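In case you want the letters, here they are:
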Amino acid sequence: MGEEQTQSGWAFETLAIHAGQPPDAATGAVVPPISLATTFAQREVGVHQGYEYSRSGNPTRTAVEQQVAALETARHGLAFASGLAAEDNVLRLLRQGQRVLLGNDAYGGTFRLISKVWQPLGFPWTAVDLSDIDALVAAWPDDTGMVWLESPTNPLLTCFDIEAVASVAHARGALVVVDNTFATPYLQQPVTLGADIVVHSATKYLGGHSDVVGGFLALDDDDLAERLRFTQNAAGAVPSPFDCYLVLRGVKTLAVRMDRHCQNARAVVDLLIGHPAVSRVLYPQLPDHLGHAAAAKQMRDYGGMVSFTLRGGEASARRVAAATELFTLAESLGAVESLIEHPGAMTHASAAGSPLEVPPDLIRLSVGIEHGADLVADLAQSLERA
Ligand SMILES: Cc1ncc(COP(=O)(O)O)c(C=O)c1O
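Presented here is an overview of the structure given in this document.

What counts, and where the lines are drawn
Residues numbered from 1 in each chain as written. Predicted model: local features only at pLDDT ≥ 70, side-chain atom pairs only at ≥ 80, totals over all residues. Heavy atoms only, no water. Helix = DSSP H or I, 4+ residues; strand = E, 2+ residues; numbered from the N terminus. Rg over C-alpha atoms; globule rule 2.2 N^0.38 Å. Lys, Arg positive; Asp, Glu negative; His and termini not counted. Charge placed at Lys NZ, Arg CZ, Asp CG, Glu CD. Disulfide = S-S within 2.5 Å. Near = heavy atom within 4 Å. Polar contact = N/O pair within 3.5 Å; in protein donor to acceptor, adjacent residues only side chain to side chain. Areas by Shrake-Rupley, 256 points an atom, 1.4 Å probe, with all protein chains shown as cover. Nonpolar A, V, L, I, M, F, W, Y, C, P; charged D, E, K, R; others polar. Buried < 20%, exposed > 50% of the residue type's maximum accessible area, 1.4 Å probe, protein only. Contact = heavy atoms within 4.5 Å. Salt bridge = Lys/Arg side-chain N within 4 Å of Asp/Glu carboxyl O. Axes fitted to C-alpha atoms, helices over the stretch in contact; angles between N-to-C directions. Parallel < 35°, antiparallel > 145°, perpendicular 65-115°, else oblique. Left-handed = near helix turned anticlockwise from the far one by under 90°. Pairing = 2+ DSSP bridges. Core = buried A, V, L, I, M, F, W, Y, C linked by side-chain atoms within 4.5 Å. Phe/Tyr/Trp six-rings, centres within 6.5 Å; stacked < 30°, edge-to-face > 60°. Lys NZ or Arg CZ within 6 Å of the ring centre and 35° of its normal.

### Points about the overall build of the protein
What the protein contains, in helices and strands, is 14 helices and 12 strands. Taking 2.2 N^0.38 as the reference for a compact globule, 386 residues should give roughly 21 Å; the C-alpha atoms of the protein span a radius of gyration of 21 Å, in line with that estimate. By its C-alpha atoms, the protein is 75 × 50 × 35 Å across when sized along the principal axes. Considering the protein, the positive charge centre built from 26 side chains and the negative charge centre built from 43 side chains are found 3 Å apart.

### Some remarks on the state of the cysteines
Counted according to the given criterion, the structure contains zero disulfides. Free cysteine Cys159: the closest other cysteine sulfur is in Cys262, separated by 12 Å.

### A few points about the site of the ligand
Around the ligand, the structure places 13 residues, and the nearest of them are Gly83, Asp179, Ser201, Thr203 and Lys204. Asp179 places a side-chain nitrogen or oxygen 2.6 Å from a nitrogen atom of the ligand. Ser201 places a side-chain nitrogen or oxygen 2.8 Å from an oxygen atom of the ligand. Alone, the ligand offers 390 Å² of accessible surface; in the complex the protein occludes 90% of this. In terms of residue count, helix 4 (residues 83-91) provides more of the shell around the ligand than any other element does, three residues in total. Considered class by class, the residues forming the shell around the ligand number two nonpolar, seven polar and four charged.

### Quick look at the side chain of Ser366
Inspection of the secondary structure puts Ser366 in strand 12 (residues 362-366). Given the relative accessible area of 2%, Ser366 is considered buried. Polar contacts involving the side chain of Ser366 include one to the main-chain amide nitrogen of Gly334, which spans 2.9 Å. What Ser366 contacts, discounting residues up to four positions off in sequence, is Tyr205, Gly304, Met305, Phe327, Leu333, Gly334, Ala335, Glu337, Ser338 and Leu339.

### With respect to the pattern of salt bridges
Pairing between side chains of opposite charge can happen when the charged atoms of each approach one another. Going through the model one piece at a time under the given rule, you end up with 10 salt bridges. Notably, a salt bridge pairs Arg266 with Asp301, separated by 2.9 Å at the nearest N-O pair. One end of the pair, Arg266, is in helix 11 (residues 254-272); the other, Asp301, is in the loop between helix 12 (292-298) and strand 9 (305-310), and 35 residues separate them in sequence. The buried category is assigned to Asp301, whose relative accessible area is 15%. Ionic pairing is found between Arg318 and Glu314, a salt bridge with its closest N-O pair at 2.9 Å.

### Some remarks on the packing of helix 11 against helix 14 (residues 372-383)
Close contact between helix 11 and helix 14 brings their axes to 9 Å; oriented N to C, the two are set at 30°. Regarding the angle of helix 11 to helix 14, the classification is roughly parallel. Helix-helix and strand crossings are classified by hand; for helix 11 and helix 14 the assignment is right-handed. Facing Asn264, Ala267, Val268, Leu271 and Leu272 of helix 11, the residues of helix 14 in contact are Gly372, Leu375, Val376, Leu379, Ala380 and Leu383. Tallied by class, residues from the contact of helix 11 with helix 14 come to nine nonpolar, two polar and no charged.

### Looking at the sheet that holds strand 12
Judged by pairing direction, the sheet is mixed, and its five strands sit side by side in the order 8-9-12-11-10 without closing on themselves. Each edge of the sheet is formed by a strand with only one pairing partner; in this case those strands are strand 8 (278-282) and strand 10 (328-329). Pairing of strand 8 with strand 9, which is carried by four bridges, proceeds in the antiparallel orientation. From the neighbouring strand, Leu282 faces strand 9, where its bridge partner is Ser307. Its contacts with the sheet put helix 13 (residues 313-323) on strand 9, strand 10, strand 11 (339-341) and strand 12, and the angle it makes with strand 9 is roughly 135°.

### Notes on the nonpolar core
With 60 residues, the main nonpolar core has Leu272, Val306, Phe308 and Leu365 as its most contacted residues. It is helix 11 that contributes the most residues to this core, nine residues altogether. Non-local contacts of Phe308, meaning those with residues more than four positions away in its chain, are made with Leu272, Val278, Arg280, Val281, Val320, Asp361, Leu362, Ile363, Leu365 and Leu383. In terms of nonpolar packing, the next biggest core, distinct from the first, is built from 29 residues, Phe111, Trp148, Ile197 and Ala351 among them.

### Side note on the pairing of strand 4 (residues 144-150)
Burial within strand 4 is extensive, with seven of its seven residues counted as buried. Direction of pairing for strand 2 (residues 99-103) relative to strand 4: parallel, over a ladder of four bridges. Paired with Leu102 across the two strands is Trp148, which belongs to strand 4. Here strand 4 runs beside strand 5 (residues 175-179); their pairing, made up of five bridges, is parallel.

### Some details on the sheet that holds strand 4
Pairing is mixed in the open sheet, where seven strands are placed in the order 1-7-6-5-4-2-3. With partners counted over all chains shown, the strands left at the sheet margins are strand 1 (76-80) and strand 3 (125-128), one partner each. Taking each pair of neighbouring strands and ignoring which way they run, the sheet shows an average axis angle of 20°. Relative to strand 7 (residues 215-219), strand 6 (residues 197-201) is paired through five bridges, and the arrangement is antiparallel. When the sheet's bridge partners are listed, Ser201 is paired in strand 7 with Gly215. Here helix 3 (residues 59-71) sits on the sheet in contact with strand 1 and strand 7, set at roughly 125° to strand 1.

### A short note on the packing of aromatic side chains
All told, the structure shown has five aromatic pairs when counted by the stated rule. Here Phe40 and Tyr51 contribute two aromatic rings whose centre-to-centre distance is 5.6 Å and whose plane-to-plane angle is 40°, an arrangement assigned as tilted. Pair noted here: Phe40 is in the loop between helix 2 (12-18) and helix 3 and Tyr51 is in the loop between helix 2 and helix 3, with a separation of 11 residues, a long-range link. Seen from their ring centres, Phe111 and Trp125 are 5.6 Å apart, and the 75° between their planes marks the pair as edge-to-face. Separated by 14 residues along the polypeptide, Phe111 in helix 5 (residues 108-118) and Trp125 in strand 3 bring together distant segments of the chain. Take Phe111: its relative accessible area is 3%, and that puts it in the buried class. What makes Trp125 buried here is its relative accessible area of 15%. Lying over the aromatic face of Trp140, Arg172 brings its terminal NZ or CZ to 5.8 Å of the ring centre. Across from the ring centre of Tyr107, 5.9 Å away, lies the NZ or CZ of Lys204, which sits over that ring.

Structure follows, in structure tokens:
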């Protein structure tokens, strides 16, 4: 049904609330029931109503899979127990010896999975600057099986031209995987730009309320989807029905939340630009931001994440991170409440000493949907301690 509804012509906000979520056939309930059953009755051996065992398939999971796939304009959606579980499933598509080209800024956990778990098993990887397409073509390793990128990246918010990267990769027979966690399908739909597989940490904007860990894959290709579904079941890193329900519920308000995230992020950026304690502001809307042109081309708006560096260095960054009241000092991002963190010591500690190491004076903000003026005031008072 997700596929039919994708073609229905409904707008994003309508799909978010209706795709995969018709009133319950048995009761008319307007909210999909949380199907806790682990197993499903069969009338005869092998004759059932589409479900056998909940690791293989579950009605609540189907609902969220159809909902998110529709929003990504993808034919297939697969839900996982975490973003990293979804990523691990994608990496299992590679044949031993095939290389992953990883954009040179990415979530520390993705770097850890590729470099510390998969590389020792015989899957090489290289960090590449995907903003220089000519350099990418010139240095393309022949054994590349997959290009993996975030846009905007975590935590530097660099944006890459997904269409340009996809055309280089496809001409050389490699798959393109785009982690769309920061943009969400409301701001950017990588499948329409040529990505083969879209990855999400549903823990972030899709869930949106800091109360569920989850992951997601969305894609068009039937054969790839069949292979990924096989591994989803065979390796078994599936989300619980309750977690599926929480993501489903969160996604319904994604569009309105993202609009407010973007609006508040702009207010915060206005404070940071020209602030005497701040040396650099990283936000894709800024004309001198790395990848601004790509972002302007492929995104509806510029997102709720803002990063900046402090003139006073790492000590100053740590003082600012400890001095906010409304911005909670914590890992993660993408929920209604604002968060502040020090990537070098927190989310990206595992990238220390690697090509993906982040600057020590960097602060990353996940700007929430509280009143913008309160957020600006809180940040302003914390910057006084810089
Ligand atoms: C961009 C990005 N991708 C993937 C992940 C991993 O997701 P999870 O924590 O749900 O496993 C994260 C987590 O922070 C992330 O920021």
